[in-house]
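Given next are the chains, with one letter for each unit.
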Amino acid sequence: MEFNVKKLASDAGVFFSRAMQFTEEKLGQAEKTELDAHFENLLARADCTKNWTEKILRQTEVLLQPNPSARVEEFLYEKLDRKVPSRVTNGELLAQYMTEAASDFGPGTPYGKTLIKVGETQRRLGAAEREFIRSASISFLTPLRNFLEGDWRTISKERRILQNRRLDLDACKARLKKAKAAEAKAAAEHELRLTQSEFDRQAEVTRLLLEGISSTHVNHLRCLHEFVESQTNYYAQCYQFMLDLQKQLGRFSGTFVGNAESASPAGVTSPPAAAATLPAVPTIPVVPTIVGVPNTVAEAVLNPNEVKPPASGTRRARVLYDYEAADSTELALLADEMITVYSLPGMDPDWLIGERGNQKGKVPVTYLELLS
């Protein structure tokens, strides 16, 4: 008990001494030991890294999960060290509604068939979004959080210790100046040497931690590249899903017209005014080469056996995802295989001609990584 009281009294004395030194510095009544310019630059760089990392982290969380209530829920689960429950994406929920609506309207009707096709695409979009969120959280958000909750906390702790060591050092310098007797001066000088040694040691520890911010930047740069790659893959998937949907809807454009005509009783024609109010079919813009609108360039492209590679302009490409050919004019692809690709004048920019050995056909650009 006696030891604890003495320690408490000693700690209180140190705290009071530091408080006095800090107050006198603020009032301009005491000298302050200044850190060198390099150290100050390291401190400023560390603060800048911390501030921007927090802002980027928060805004990325908003991007991945716009719902603030859901973000709070995920934060609480994370702090409680519990698994976040699986949440249905908006696309998947829309797909569910469309499928149920198609069941009520009749899956064999034109509207029901289209609802099923669009709903399936929405489901695929929702699944792609879920995978993107998972990938971005692991490769980008987690490293940023680890820095703020790990390395930055250590740096902040050592900086506080360094601040206390500096206050102790300046307080010792002030006591040495005030000492009159030789014995008091000797004691003050001894205390100053010890305090200076502790300050120098702590300054070195803090400096090494601050210089480690450069390694943090390198790590965050790598994570940023992974985030961009995940986002690129996600948008490429979404684009291809929508192209496939557009392709399917374009093929069934005649179905809508036929049903609209058959719905009219025999011998009854629609009034001109009513006909003028009907929307053009199809209302979704369709890429000509996908739907098969005839033109000289498309016809040349649609016959792979007649396509000749240009004298120059061929490139090598790596396949990103598996692709199943829709018809004999397209080339089926396997992920990670290498093929030769080229374009023809007037060809749809979303497609290229691909060659693999003796096989040849159209391939979608979004499934490829073009190499130099």
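The structure displayed is predicted, hence computed values, not measured ones.

Parameters at a glance
- Sequence positions are assigned chain by chain, starting from 1 and proceeding in written order.
- Residues qualify for local features only when their pLDDT is at least 70, as the model is predicted, and side-chain atom pairs are given and counted only at 80 or more; totals for whole chains, interfaces and linings, by contrast, use all residues.
- The basis for the side-chain values is all heavy atoms of the structure; hydrogens and waters are excluded.
- One side-chain nitrogen of Lys or Arg within 4 Å of one carboxyl oxygen of Asp or Glu is enough to make a salt bridge.
- Think of it this way: any DSSP run of H or I at least four residues long counts as a helix, any run of E at least two long counts as a strand, and we number them from the N terminus.
- For every residue, the accessible area (1.4 Å probe, protein chains only) is compared with the maximum for its type, and the residue is labelled buried under 20%, exposed over 50%, or partly exposed between those bounds.
- Two residues qualify as a contact provided that any one of their heavy atoms is within 4.5 Å of a heavy atom in the partner residue.
- Each polar contact in these results corresponds to two N or O atoms within 3.5 Å; when the atoms are within protein, one needs to be able to donate a hydrogen and the other to accept it, and residues that are neighboring in sequence are counted only if both atoms are side-chain atoms.
- In this analysis an axis means a line fitted to C-alpha atoms, helices contributing only their contacting stretch, and an angle means the value between N-to-C directions, from 0 to 180 degrees.
- Any angle from 65 to 115 degrees is called roughly perpendicular, while one under 35 is roughly parallel, one over 145 is roughly antiparallel, and all others are oblique.
- Note: crossing handedness is left-handed where the near helix turns anticlockwise from the far helix by less than a right angle, and right-handed where it turns clockwise.
- Basically, the charged four are Asp, Glu, Lys and Arg, the nonpolar ten are Ala, Val, Leu, Ile, Met, Phe, Trp, Tyr, Cys and Pro, and anything else, Gly included, counts as polar.

Caption draft 1: Region of the structure containing the pattern of salt bridges. Applying the stated criterion to the full structure yields 17 salt bridges. Put simply, E204 and R207 hold a salt bridge, and the shortest N to O gap is 2.3 Å. Of this pair, E204 and R207 both sit in helix α6 (residues 182-211), 3 residues apart, which is roughly one turn of that helix. We classify E204 as partly exposed; its relative accessible area is 36%. By relative accessible area, R207 is classed as partly exposed at 21%. Across the pair R318 and D336 runs a salt bridge whose closest N-O atoms are separated by 2.9 Å. On the criterion of sequence distance, the pair formed by R318 in strand β1 (residues 315-319) and D336 in the loop between β1 and β2 (338-342) is long-range, its members being 18 residues apart. For R318, a relative accessible area of 27% puts it in the partly exposed group. A single salt-bridge network, built from bridges that share partners, covers E204, R207 and E211.

Caption draft 2: Structural view of the environment of E355. Relative to the assigned elements, E355 resides in strand β3 (residues 351-356). If we skip the residues at most four places from it in the chain, E355 touches P309, L331, I339, T340, Y342 and K360. One polar contact links E355 to Y342, side chain to side chain, over a distance of 2.7 Å.

Caption draft 3: Looking closely at the packing of helix α2 (residues 37-64) against α6. Interaxial distance between α2 and α6 falls to 9 Å at its minimum, and their mutual angle equals 50°. The pairing of α2 with α6 is recorded here as oblique in orientation. In this structure, α2 crosses over α6, and the sense of that crossing is left-handed. Residues H38, F39, L42, L43 and A46 of α2 touch α6, and the partners they reach there are A203, T206, R207, L210 and E211. The residue inventory of the contact of α2 with α6, partitioned by class, reads 6 nonpolar, 2 polar and 2 charged.

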